[in-house]
Amino acid sequence: MKMTEAEFQRIYRYVKLHYGIDMSKKKEIMTGRLENYVVAHGYASYDAFMNALETDPTGHMEERLIGMLTTNHTFFMREFEHMEYLSRVVLPELSKKEAKTKDLGIWCAAASSGEEPYMLAMLIKDYFGLDHANWDTTILATDVSAEILEQATRGNYTADAIASMPAQWKRRYFKACPDGLHYQVTDEIKKEILFRRFNLMSPFLFKHKFHIVFLRNVMIYFDNKTKQELIRKVYQCMEPGGYLFIGRTETIDRSVAPFQMIQPSIFRK
């Protein structure tokens, strides 16, 4: 089904307005990701699809649209040097600082299919050891796609997906499924994570500030103005001395928020 320029502009503007995602130069990608769905559900055109979406009282069609247009590509051990720095520097520093409260605010802001927050939970549990029961290190894991969050919540991965993980993590934090092809994250780790759908363009109305924020490989979807506003909001919702991790190929404009750069992709408030 051919997407007209007017239809492309309509969808692009809608997604940009509501989610900050800039697809202004991605008409072919948009068409490729939407065409099968639009045809299979009997819509005569992309305009007809958008008419239905904009009048859908449940919001499910909008969630499906965003799920189709966002990549959600991630994997275990991705940019693992961040995890190593977290274990070697950040957790010793913050656990000393918060020794009285024993409360660390942790936000994984682009949780995708769950690999990143599960890795964080495993690393934190290993770091604190027997003392972990005395700490609140619940991880808030959010994503704009409800569909991908359902997958993350299940915590079910193929043997190939976890192949690169440390052997001790695979033994302790995963259970082999009866089919022999998949592994299930244990309840011990699942209970450390709170998965929620959240649009980064929404106001940040969090009750508590965060000591650790992972905002990795999501700003690639945004234009400069949107990124600047997002970084301002992230800075405001963090504790003084808190750490921000972004993707290694990403940058932030520190003129809009006075983060201290520790090293490329790692910043401190």
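Residues numbered from 1 in each chain as written. Predicted model: local features only at pLDDT ≥ 70, side-chain atom pairs only at ≥ 80, totals over all residues. Heavy atoms only, no water.

## Remarks on the nonpolar core
If you look at soluble globular proteins, the nonpolar side chains tend to sit buried side by side. Rule in force here: Remark: nonpolar core denotes a set of buried residues (Ala, Val, Leu, Ile, Met, Phe, Trp, Tyr, Cys) joined through side-chain atoms within 4.5 Å. Working definition: with a 1.4 Å probe on protein chains only, accessible area under 20% of the residue-type maximum means buried, over 50% means exposed, and in between means partly exposed. Secondary structure elements follow DSSP: runs of H or I no shorter than four residues count as helices, runs of E no shorter than two count as strands, and numbering proceeds from the N terminus. Contacts are residue-level and defined by heavy atoms, with any inter-residue pair within 4.5 Å sufficient.
Ranked by internal contacts, the top residues of the largest apolar core, which has 51 residues, are Leu 34, Trp 107, Leu 200, Leu 215 and Leu 244. Broken down by secondary-structure element, the contributors of at least two residues to this core are α1 (5–19), α2 (27–40), α3 (46–54), α4 (60–69), β7 (210–215), α10 (224–236) and β8 (238–246). If you tally residues by element for this core, the top one is α1, at six residues. When sequence neighbours within four positions are dropped, the list of residues in contact with Leu 215 reads Ala 109, Leu 200, Leu 230, Ile 231, Val 234, Leu 244, Phe 245, Ile 246, Gly 247 and Glu 250. Listed in part, the 41 residues of the second largest apolar core include Phe 80, Leu 86, Tyr 157 and Tyr 173.

## Digging into α1
Condition: Each residue after the first adds 1.5 Å to the expected span of a helix.
Between its first and last C-alpha, α1 extends 21 Å over 15 residues, near the 21 Å set by a 1.5 Å rise per residue. Taken residue by residue, α1 has Glu 7, Phe 8, Arg 10, Ile 11, Tyr 12, Tyr 14, Val 15 and Tyr 19 as its buried positions. In this fold, the buried residues of α1 make contact with α2, α3, α4 and β6 (193–197). With its phi angle positive at about 75 degrees, Gly 20 sits one or two positions after the end of α1.

## Section: the pattern of salt bridges
We count it as follows: When a carboxyl oxygen of Asp or Glu is within 4 Å of a side-chain nitrogen of Lys or Arg, the pair counts as a salt bridge.
Applying the stated criterion across every chain yields a total of 15 salt bridges. The salt bridge involving Arg 10 is made with Asp 47; its shortest N-O contact spans 3.0 Å. With a gap of 37 residues between them, Arg 10 in helix α1 and Asp 47 in helix α3 connect regions that are remote in the sequence. What makes Asp 47 partly exposed here is its relative accessible area of 29%. The closest approach of N and O atoms between Arg 197 and Glu 63, which form a salt bridge, is 3.9 Å. A residue pair is termed long-range when its members are at least 10 positions apart, and Arg 197 in strand β6 and Glu 63 in helix α4 qualify at 134 residues. Each of Glu 79, Glu 81, Glu 116, Arg 216 and Arg 248 takes part in one network of salt bridges that share partners.

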